[in-house]
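Breakdown of the fold
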Amino acid sequence: MPRAVPAWLAHPFRWQRLPVPWAAVVRGALCAGPLLGAGIATGHPAAGVLVGLGAMLAGVNDRPGTRRKGVVHIGLPALAVALGMFAGASLSGVGWWLVLALFGIGFVSGAGSVAGPVRSAAGMQMLAAAILGAGMPLPQLEPWQKSLLTLAGAAWLLLLRLVLRSPRPPGGPLSGERAAVATVFDALAEALTAVGTPGAEPARRRLTTALDRADEAMRLRRLLRRRPRTGERRLIERFAAATALCEASVALLWEARPLPARIADGPRALATALRTGRPPGRLPAPETSTPARSAFDRALLDAAVVFARTQPPGGGTAAGATDERLLRGLRPALGGPGATPEEVADTAADAAPEESGAWAPFGSRAAFETGRWASVARGVAGVFAWRRGPGRRVFGPAGRDYGLRVGLCIAACAATALLLRADHWYWLPATATFLVKPDLGPLFSRTVNRFAGTACGVLVFALLGPLLPGAWWPVVMATAGGALLPFATRHFALQTVAITLMVLSFVHVSGAREAAPERIVDTSIACLIVLVVGHLPKLADPRRRVGPRVGAALRCTEAYLRQVLATEPGTDTGERLALRRAAYQALAEARTAAETAAAELLAHRTDAPDWPTVVRAAERIVDATTAAAVRLDQGAQRPSEEDAQRLCAVLTEMAGALDAPRRHRPRLLPPPALESAPDCATLSDVAAELERMRGYAGAV
C-alpha cells in the first residue's frame, strides 16, 4: 500500500474553501492604496505610508461577522499597533540595545498567544508595528505622530466597516445576530441527519463551532447596551432554546441510532423562521422511543412555544430577572465577557450568579444597575484580563514557552540583520513575526508558504511596477494588495502575496527604491533562522500547548457533572447548559492546538502522545456526560453520592495530569463501580470513557 503523506508535508498545501467576502474586498480596495495616494497628493508621503500601514494591519483582521464583532476584532489589535508603533519609534537609533528591546516585546507578544485569538493577533501586530516603527526610514515624524497615524488608518477601515457592508437581510438591527443563531439550527439539523453515521463526530464539532459564533455575536451585542430591547430579549430566549436542543441532540448522537429524516425538519423550520420572521409552521410529531428522543422532542416543543411568543416573558421590574434566567445559558452569564471555559466552571462551582460579588453576571440586574459605562468597563476588563485559566495564563508555563520562542527568534533575526544590512534591517524580524507564533499554525508550513508568497509578491511588484504609467503605480499596487487581502485568508501564501505588495509599495514611497530584490534574500535568511530557533528543544512543548486545554475541558466536564447530579428534573438548567458549552469550547481549542502540534515537522520524532486521539477521547467523555444528563432528566435512577464523588475525583485527577505534564501523575483512582444502580447506564458510559482516557493521561 502507498504510504500516506506526512501531515507536516501536506499541511502547506491545504486550502480553505470560503465564500468571497465582496464587502471586505471593496473595503480593502478603499483603504491602504487610497490612503497612500492621499498622502502623496497632499505632499505628506510619510503620513500616507503610516496611515496605509495601519489600514493594512487592520485589514488582516477584517473577517466576516457582525459589526460589533468587527469593532472588537479590528479595534483591539489597532490599539496594540499604535502602542507598538510608539514603542518602536521611540527605540529608533539606540543601536544594539534594540535587540534586547525587541526580545522583550517579542516575549510579551508570544506569551499573549495563549490568551485567545484576538489577544494573539494584537500581540503579533504590536510586535510588527514596533519593528517597522524602529526600522522604517521616516525620521521627520515624532513617535506619537506615527502612533496616531497608524491608529487613524485602522479607524478608517472601521468606519468603512460600519458603512460598507453586505445588504442587510430581514431582521433589522439584529440581522447579524439572527443569522448566527439561525446557523446553529442549520448545524443542528445536519447533526441530526448524521446520527449513526461516520459523519456524526464532525457534525457535532460543526454544531459546537456554530454555537460559539452565535454566543460571541450575542455577547458583543450586549457589550454596549444597558438594557436589552424587546427584539433582543426574544432572540436571547430563542438562542437559549437552541442551546437546550443541542444538549438533547448530543445525547442522540451518543446513542448512535439512525433517526427518521423528518426529525431534522424541526430545526430547519426554526432556522427559516429566524431568517424570515414568519412562524415556523408545523413541527414533527413527538415520540418517546428513547430517553434522548423524549428529551429532544420536549426541547423542540419548548422551542415552538418560544417562537410562538410575540413578546418575551415578564415585564417591568421582572424583566431583569427574566433576562438573568435566559442569559444564564450563555457562557458570559457565569464568567463575564471574555471569560474562559475554566473561569465559567470555577464561577459556577464557587457561587450562584446572585452571589458573584462585584463581578456580577454580564446582563444581570446588578450589571444593569451599575449603568452602561460600568458595564462597558467590565467588558473591556474581561477582554484584557491577564489571569486566565490553566494553559491560558499569559505568564504560565505555556505562555513562557511561547514568549521565549518568539523573543529568541526576533532577537536572532534583528541581530543578524544589523550585522548584514544595518540600513534596512527591519525586514528580517518583521518576516519572523508572522511565522513564529505557535498558535497560528505549524512552523514548517508557515515558513514554506511565507517564502513562496514573498517570492511571488516581489516578482509581481518588480515586473508590473515599471509597466504601470507615472509615479502613482505604488498606489495601484497597494490598492490591488488591499483588495486581495480579504480573499487571501484561504491560504497563508496568498495572504503573504497581498501583504508583500502593500509593504513594498510603502517602502518604495518611503525612499527605498531598490528594496524589492533584497527582500527575497532577507526572507530566506529569516525563514532559516525561524526553522532552527523555533525547533529548539523545550520551546513551545506540545505537552504544555495541548495538555492544559484538554485538562480545562475535563475540569469543565467535572463541574458540569456535579451540576447535573445536583439538579433535580424540572428545575432551571441554565447553569448546566453554560458549563456544557464551556467544556465543548475548551475541547474545540484543544483540538485546534492538537492538529497544529500533529502537523509540526518534529511531531513524530518525540515521545509525545497522539494528541488528536487524546482530544477525541476527551470529547467522548463530554458526550457521555451529556447523555447521562439527559437520562437523568428523563427519570433514570441516580447513582449514589459515593459513586458520583469517585467519578468526579477521577475527572479531577485526569485534568491535573494534563495541566502539569511530567509533574502531576494520575494516581489511577479506580473507576466507580456503580453498584447502587447495576441496571442503569446513566454514568457507566462516563466511567468507561474515563478508563480509556487513563492510558492517554499516563503517556503525557
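In this numbering scheme, every chain counts its residues from 1 along its sequence in written order. A pLDDT threshold of at least 70 governs which residues receive local features in this predicted model, and a stricter bar of 80 or more applies before side-chain atom pairs are shown or counted, although totals over entire chains, interfaces and linings include all residues. Only hydrogens and water are set aside; all other atoms, that is, all heavy atoms of the structure, feed into the side-chain values.

Attention shifts here to the environment of Gly403. By the criteria applied, helices consist of DSSP H or I runs no shorter than four residues and strands consist of E runs no shorter than two, each listed in order from the N terminus. With respect to the helices, strands and loops of the structure, Gly403 is situated in helix 19 (residues 397-420). A residue is classified by how much of its surface remains accessible, and Gly403, at 0% relative accessible area, is buried. It is 4.4 Å that separates the C-alpha atoms of Gly403 and Ala111, two residues lying 292 residues apart in sequence. In what follows, a contact means two residues having at least one pair of non-hydrogen atoms within 4.5 Å. Residues in contact with Gly403, not counting those within four places in the same chain, are Gly106, Phe107, Gly110 and Ala111. Each residue is placed in one exposure class: buried if its accessible area under a 1.4 Å probe, protein chains only, is under 20% of its type's maximum, exposed if it is over 50%, and partly exposed if it falls in between.

Below, the discussion takes up the pattern of salt bridges. Any Lys or Arg side-chain nitrogen found within 4 Å of a carboxyl oxygen on Asp or Glu counts as a salt bridge. Under the defined criterion, the tally for this structure stands at 23 salt bridges. In this structure, Arg206 engages Glu190 in a salt bridge whose closest nitrogen and oxygen atoms are separated by 3.8 Å. Here the residue Arg206 occupies a position in helix 10 (residues 200-223), and Glu190 occupies one in helix 9 (residues 175-193), the gap between them amounting to 16 residues. On the basis of relative accessible area, Arg206 is assigned to the partly exposed category, the value being 45%. With a shortest N-O distance of 2.0 Å, Glu237 and Arg309 are connected by a salt bridge. Placement of Glu237 in helix 11 (residues 230-255) and of Arg309 in the loop between helix 13 (291-308) and helix 14 (318-327) is noted, with a sequence separation of 72 residues between them. Exposure remark for Arg309: the relative accessible area of 30% places this residue in the partly exposed category.

This next bit is on the confidence of the model for the protein chain. pLDDT measures how confident the predictor is about each residue, on a scale from 0 to 100. When pLDDT is averaged across the protein chain, the result is 78; 78% of the residues are at 70 or more. Segment residues 316-339 is flagged for pLDDT under 50; beyond a separation of four residues in sequence, or across chains, it makes 75 contacts in the model. Low pLDDT (under 50) marks residues 347-387, which in the prediction has 70 contacts with non-local residues, meaning those over four places away or in another chain.

At a minimum axis separation of 8 Å, helix 6 (residues 97-111) and helix 7 (residues 117-135) run at an interaxial angle of 165°. Between helix 6 and helix 7, the crossing angle belongs to the class labelled roughly antiparallel. In this structure, the crossing between helix 6 and helix 7 has a hand that is right-handed. Packed against helix 6, whose contacting residues are Leu98, Leu102, Ile105, Gly106, Val108 and Ser109, the element helix 7 presents Gly123, Met124, Met126, Leu127, Ala130, Ile131 and Ala134 at the interface. Here the residues of the contact of helix 6 with helix 7 are counted per class, giving 10 nonpolar, 3 polar and no charged. Interaxial angle, 0 to 180 degrees, is taken between N-to-C directions of lines fitted to C-alpha atoms, where a helix line uses only the stretch in contact. Note on angle classes: values under 35 degrees are labelled roughly parallel, values over 145 roughly antiparallel, values of 65 to 115 roughly perpendicular, and the remainder oblique. Each crossing gets its handedness from the near helix: less than a right angle anticlockwise from the far helix is left-handed, clockwise is right-handed. Put simply, Ala, Val, Leu, Ile, Met, Phe, Trp, Tyr, Cys and Pro go in the nonpolar bin, Asp, Glu, Lys and Arg in the charged bin, and everything else, Gly too, in the polar bin.

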